[in-house]
Amino acid sequence: MKKVSLFVLSGLLFQINDAIAMPINSNNSHLFANNISANNIGAIQHSIMLQAMQTFQTKNALNSNISHNSPNLYGKMPVYGTESLYGEYNVTDAAPNSIKGRNGGDDLYSDTVGNLWLNWNHFDEDVNINGYGRLDSDYDLLMLGLSGDEKLWDNPAKIGFFGGYVGGDQSNDYLHISENGGFIGFYAGYNINNLNFAVAFDTGTLYNEVTALYADKDFSNTWLGASFNMTYDIPLDSTFMLQPGLYGGYTWIKSADYTYSTSEIVQNDNLSTFEFTPFIRAIKNIYNGWFGYIGVKYAFVSNYGGDININSTTTNFLDTDNYSEYGIGIEKSIDSFYISLHLNRHDGGRSGWNGGFSMKYIF
């Protein structure tokens, strides 16, 4: 009995190890298309959520004792400055101890500031999926949002809505995946002195067209996500500030099942992906409303679920490694508009470049 049990156990272990170590080549590379798109959704979510939560209008610590050069008047990327810094340095007609708006007549102590914003980002990356290999990833992210600020318990609070489009391609020598999708979301934030906290929720769908050497297929993924972003402003002088922070996110991704032929039946488990990203930025009020920053972050990514069942043989979800990001950015206002530009470098599980611009209209 013991010999039989050991034989059965050793057979099961062999099957499990064989499934985990399934070789990937030109003949079966297309079977992992859902795995590839799910990994990309996790990276897309990082950009969507941070772009949304970082577009709040800043109103930190506005009071009668703050000067135009106070570092407390900025602190959020890509929106460093408050409306008081944009284009209205002639305040000689203002009432004593009062900061006026960009036209010299708007009182900044009103409870609500609304803004409409547009973000565009382009990504050109080399993605390394463990156990699979590398893919060229080239995609664009376009977002439109509407947000407003209010006072809540004597501190600035924020609320907003956003939506957008994501589209691009991932490819290697064996296959090509064309991805197009859309998303909508909601975000809110609160500031207490130099502590800034925001949350965001979204849902979206990604439609994938797979072209491979031996098989083609179309399928869709749907996701639900939630995230938070927390920063703390550390003014070093009247024009320079450090801002450490932490981003955390969770995304649930509904995977797709597909059949290429009677001999290629693929079933994919749904995936849960978690991310925690500490970061720090150095922000500088350069001159006359110009702001710039340099920053660094490290993304820790963990995935649960997502196993792949190919013809009744189970293979683990293929992860990407953690990655680092280094970035620079600059912004300037023109009347009621502001424009910011940024450029980032990724290394690790995702290596390459991304950059783009943000534009906001404050009303």
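In what follows, the structure referred to is the one given above.
Heads up: these notes are all about the structure in this document.

Rules used in this analysis
- Residues numbered from 1 in each chain as written.
- Predicted model: local features only at pLDDT ≥ 70, side-chain atom pairs only at ≥ 80, totals over all residues.
- Heavy atoms only, no water.
- Patch = residues over 30% accessible without salt bridge, like charges linked within 9 Å, V, L, I, M, F, W, Y side chains within 5 Å.
- Areas by Shrake-Rupley, 256 points an atom, 1.4 Å probe, with all protein chains shown as cover.
- Salt bridge = Lys/Arg side-chain N within 4 Å of Asp/Glu carboxyl O.
- Lys, Arg positive; Asp, Glu negative; His and termini not counted.
- Charge placed at Lys NZ, Arg CZ, Asp CG, Glu CD.
- Buried < 20%, exposed > 50% of the residue type's maximum accessible area, 1.4 Å probe, protein only.
- Helix = DSSP H or I, 4+ residues; strand = E, 2+ residues; numbered from the N terminus.
- Pairing = 2+ DSSP bridges.
- Axes fitted to C-alpha atoms, helices over the stretch in contact; angles between N-to-C directions.

1. Details of a negative patch on the surface
So, point 1. A cluster of like negative charges, contributed by Asp124, Asp136, Asp138 and Asp169, occupies part of the molecular surface.
So, point 2. Judged by relative accessible area, Asp169 falls into the partly exposed class, the value being 31%.

2. Section: the pattern of salt bridges
So, point 1. Scanning all chains against the criterion turns up 4 salt bridges.
So, point 2. The salt bridge involving Lys297 is made with Glu325; its shortest N-O contact spans 3.5 Å. Taken as a pair, Lys297 in strand β12 (residues 290-305) and Glu325 in strand β15 (residues 323-334) lie far apart in primary sequence, 28 residues in all.
So, point 3. Using a relative accessible area of 15% as the deciding quantity, one classes Lys297 as buried.
So, point 4. Relative accessible area serves as the criterion here: at 9%, Glu325 is assigned to the buried category.
So, point 5. For Arg345, the salt bridge goes to Asp347, with nearest N and O atoms at 3.0 Å.
So, point 6. Judged by its relative accessible area of 24%, Arg345 is partly exposed.
So, point 7. Residue Asp347 is classed as partly exposed on the basis of its relative accessible area, which comes to 28%.

3. Quick word on the sheet that holds strand β13 (residues 308-310)
The strands that make up a sheet are held in pairs by hydrogen bonds between backbone atoms, and each pair lies either parallel or antiparallel.
So, point 1. Taken in spatial order, the 4 strands line up as β9-β10-β13-β14 in an open sheet, and their pairing is antiparallel. Here the strands that pair on one side only, and so sit at the sheet edges, are β9 (258-261) and β14 (313-315). Across the sheet, the mean angle separating the axes of adjacent strands is 20 degrees when strand polarity is ignored.
So, point 2. Taken together, the 3 bridges between β9 and strand β10 (residues 264-268) define a ladder with antiparallel strand orientation. Counted as the bridge partner of Ser261 is Glu264 from β10.

4. A look at unusual backbone geometry
So, point 1. Of note in the backbone geometry, Asn193 takes a positive phi value of approximately 55 degrees without being a glycine.
So, point 2. In this fold, Asn193 is placed in the loop between β4 (175-192) and β5 (195-212).
So, point 3. Owing to a relative accessible area of 60%, Asn193 belongs among the exposed residues under this scheme.
So, point 4. Phi is positive for Asn311, close to 50 degrees, though the residue is something other than glycine.
So, point 5. With respect to the helices and strands, the residue Asn311 is situated in the loop between β13 and β14.

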